[in-house]
Amino acid sequence: MKTIVIATLLFFWGAAQPLFSQVSFPSFLEGTWKLDNKEQYEQWDRINEHELKGLSYTLKNGQKIVSEYLKLTKIKDKVVYTALVIGQNHGKEVNFELSYQDSTYSFINEAHDFPNYIRYTPVATNRLHIVVEGKSGRARSFYASRIAPTTTEGNPNYDQELAKKLGADDYGMKSYIFVLLKTGENKTTDKQFINECFKGHMENINRLVKNGQLIVAGPFGKNDDNFRGLFILNNMASTDAAKHILENDPAVKNGLLEASFYPWYGSAALAEYLSQVDKIWKKQH
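Every chain is numbered independently, its residues counted from 1 as its sequence is written. Selection of residues for local features in this predicted model requires a pLDDT of at least 70, selection of side-chain atom pairs for listing and counting requires 80 or more, and totals for whole chains, interfaces and linings are taken over all residues. Heavy atoms from the whole structure form the basis of all side-chain values; hydrogens and water molecules are not counted.

Participant: Help me understand the overall build of the protein chain in this model?
Facilitator: Helix and strand assignments follow DSSP, with helices taken as H or I runs no shorter than four residues and strands as E runs no shorter than two, numbered in order from the N terminus. Looking only at helices and strands, one finds four helices and 14 strands in the protein chain. Looking at the protein chain residue by residue over its 285 residues, the buried ones come to 41%. By the convention used here, residues are in contact when the closest approach between their heavy atoms is within 4.5 Å. Counting contacts in the protein chain only where the partners sit at least 6 residues apart, residues at least 24 apart contribute 55% of the total. For the protein chain, the exposed surface amounts to about 16,600 Å²; the carbon and sulfur share of it is 50%. A 1.4 Å probe rolled over the protein chains alone gives each residue an accessible area, and that area as a share of the maximum for its type sets the label: buried under 20%, exposed over 50%, partly exposed in between. Here, Shrake-Rupley sampling with a 1.4 Å probe gives the accessible areas, and only protein chains in the shown set may cover a residue.

Participant: Could you clarify how one ought to interpret the nonpolar core in this entry?
Facilitator: The nonpolar side chains of a soluble globular protein tend to be buried with one another. Residue types Ala, Val, Leu, Ile, Met, Phe, Trp, Tyr and Cys, when buried and joined through side-chain atoms within 4.5 Å, form a set referred to as a nonpolar core. Leu-29, Trp-44, Leu-72, Tyr-81, Phe-107 and Tyr-120 are the most contacted members of the largest nonpolar core, which totals 24 residues. Contributing elements (two or more residues each) for this core: β1 (31-35), β4 (63-75), β5 (78-85), β6 (94-101), β7 (105-108), β8 (117-124), β9 (127-133) and β10 (139-147). Val-179, Ile-205, Ile-245 and Phe-261 belong to the second largest nonpolar core, which has 17 residues in total.

Participant: How do you make sense of the packing of aromatic side chains when you look at a structure like this?
Facilitator: Within a pair of aromatic rings, the relevant descriptors are the distance that separates the centres and the angle that separates the planes. Note on ring pairs: Phe, Tyr and Trp rings are taken, using the six-membered ring of Trp, and paired if centres are within 6.5 Å. Classes follow the plane angle, with under 30 degrees stacked, over 60 edge-to-face and the rest tilted. Applying the stated criterion to the full structure yields nine aromatic pairs. Arranged with centres 6.1 Å apart and planes meeting at 85°, the rings of Tyr-81 and Phe-96 form a pair that is edge-to-face. With Tyr-81 in strand β5 and Phe-96 in strand β6, this pair connects stretches of sequence that are 15 residues apart. A single burial state applies to Tyr-81 and to Phe-96, both of which are buried.

Participant: Is there a simple way to think about the sheet that holds strand β11 (residues 173-183) in this case?
Facilitator: Backbone hydrogen bonds are what pair the strands of a sheet, in a parallel or an antiparallel way. Paired strands are those between which DSSP finds at least two bridges. The sheet built from four strands is open, its strands ordered β12-β13-β11-β14 with antiparallel pairing. Where the open sheet ends on each side, the last strands, each with one partner, are β12 (214-219) and β14 (257-267). Along the sheet, successive strands turn relative to each other by an average axial angle of 20°, direction set aside. Angular values range over 0 to 180 degrees, each being the angle between N-to-C directions of two axes fitted as lines to C-alpha atoms, with helices fitted over their stretch in contact.

Participant: Please clarify how the confidence of the model for the protein chain should be interpreted in this entry.
Facilitator: Low-pLDDT stretches of the model should not have their predicted coordinates read in fine detail. pLDDT expresses how confident the predictor is about each individual residue, on a scale running from 0 to 100. Taken over all residues, the pLDDT of the protein chain has a mean of 86, while the share at 70 or more is 89%. Contacts of residues 2-21 to residues separated by more than four positions or lying in other chains number 72 contacts, the stretch itself having pLDDT below 50.

Participant: I tried to follow the sheet that holds β10 on my own but got confused; where do I start?
Facilitator: As summarised here, the arrangement of the 10 strands in space is β1-β2-β3-β4-β5-β6-β7-β8-β9-β10, forming a closed barrel in which the pairing is antiparallel. Each neighbouring strand pair of the sheet contributes to a mean axis angle of 25°, computed without reference to strand direction. Strand direction decides the pairing type here: strand β3 (residues 51-60) and β4, joined by 10 bridges, are antiparallel. By the bridge assignment, Lys-53 is partnered in β4 with Lys-71.

Participant: Can you walk me through the pairing of β7 in this structure?
Facilitator: One face of the sheet, then the other: side chains in a regular strand alternate in exactly this way. Side-chain alternation along β7 places Tyr-105 and Phe-107 on one buried face and Ser-106 and Ile-108 on a second face that is also buried. Relative to β7, β6 runs antiparallel, the two sharing four bridges. Residue pairing in the sheet places Gln-101 in a bridge with Tyr-105 of β7. Connecting β6 to the antiparallel partner β7 that follows it, the hairpin turn spans three residues.

Participant: Would you mind going over a nonpolar patch on the surface with me for this structure?
Facilitator: A cluster of nonpolar side chains, namely Tyr-273, Val-277 and Trp-281, defines an oily patch on the protein surface of about 270 Å² accessible area. Structurally, the position occupied by Val-277 is in the segment after β14. In this scheme, patches are assembled from residues that exceed 30% relative accessible area and form no salt bridge. Like charges are connected within 9 Å, while nonpolar side chains (Val, Leu, Ile, Met, Phe, Trp, Tyr) are connected within 5 Å. A side-chain nitrogen of Lys or Arg and a carboxyl oxygen of Asp or Glu constitute a salt bridge if their distance falls within 4 Å.

Participant: Help me out: how do you make sense of the environment of Glu-247 in this one?
Facilitator: Mapped onto the elements, Glu-247 comes out in the loop between α3 (239-245) and α4 (250-253). Linking Glu-247 and Asn-204, residues 43 residues apart in sequence, is a C-alpha distance of 9.9 Å.

Participant: So what exactly am I meant to see when it comes to the pattern of salt bridges here?
Facilitator: Should the charged atoms of two oppositely charged side chains come close, the side chains can pair. Taken as a whole and assessed by the stated rule, the structure comprises four salt bridges. Taking the shortest distance from any N to any O, the salt bridge between Glu-30 and Arg-46 comes out at 3.1 Å. Note that Glu-30 is positioned in the segment before β1 and Arg-46 in strand β2 (residues 40-48), a separation of 16 residues in sequence. Of the residues examined, Arg-46 reaches a relative accessible area of 35% and is grouped as partly exposed. Note that Arg-119 is salt-bridged to Glu-133, the shortest N-O span being 3.0 Å. Here Glu-133 lies in strand β9 and Arg-119 lies in strand β8, a separation of 14 residues in the sequence.

Participant: I tried to follow the side chain of Thr-82 on my own but got confused; where do I start?
Facilitator: As for its placement among the helices and strands, Thr-82 is situated in strand β5. In this structure Thr-82 comes out as buried when scored by relative accessible area, which is 7%. In contact with Thr-82, other than residues within four places in its own chain, are Tyr-69, Leu-70, Lys-71, Glu-93, Val-94 and Asn-95.

Printed below as a string of structure tokens:
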């Protein structure tokens, strides 16, 4: 798993650590953290008192390049750290559980290949020391500092209420799920069956748009890669959630289309164009 994360002060795993019964949520992570001497960042935004969502990214020529989607969630008496690394783990999330704490918050998954331990230690109000470590002792250690939050200075058009409504972060961006549709393995020539499946496919599209879950959809032109179309899904907690809502799509369910799912980071204003859609079409498909 990619290790561009803000880690903690390295602990010796063999040393005894105090267990705890009352889980303390690591809300101190909220904000944007910059690794020392690198254009690498980790940003955590508060969703509610029991959840933070995060991103690991680099800046290159002023552009944000996201490498990892993160989440911290308190579930009853557990705190779970979830990482989804782009291009790794077959697009699946990996969970690490907060197992002990002192001044260090250690998230552990001993079944994962690397890392097995992600440790965050606040060493000052705006300062972290972080370690990403494997069971073999292989470890990477980083220091990071919390940087000043983005202000509205320089953007006289900033609309705080609109940004909140759209779920925008400080950069006006948010996370989506990008779905690539290809020709499936079902090669049936039954035209009635195909027509019924694709009628249901369009009905499912309209249902997802109505629910605010689908904001972009459209077919590709003829191509050599068997790409048929794409979706951009909105307000998805994970790729698993995106897969679940497409289970009702008969073209996907019956193998006429094959769907691949990818986390995607784009403008939070993307859905705003939908208010204009009914003003510009003359004929329905």
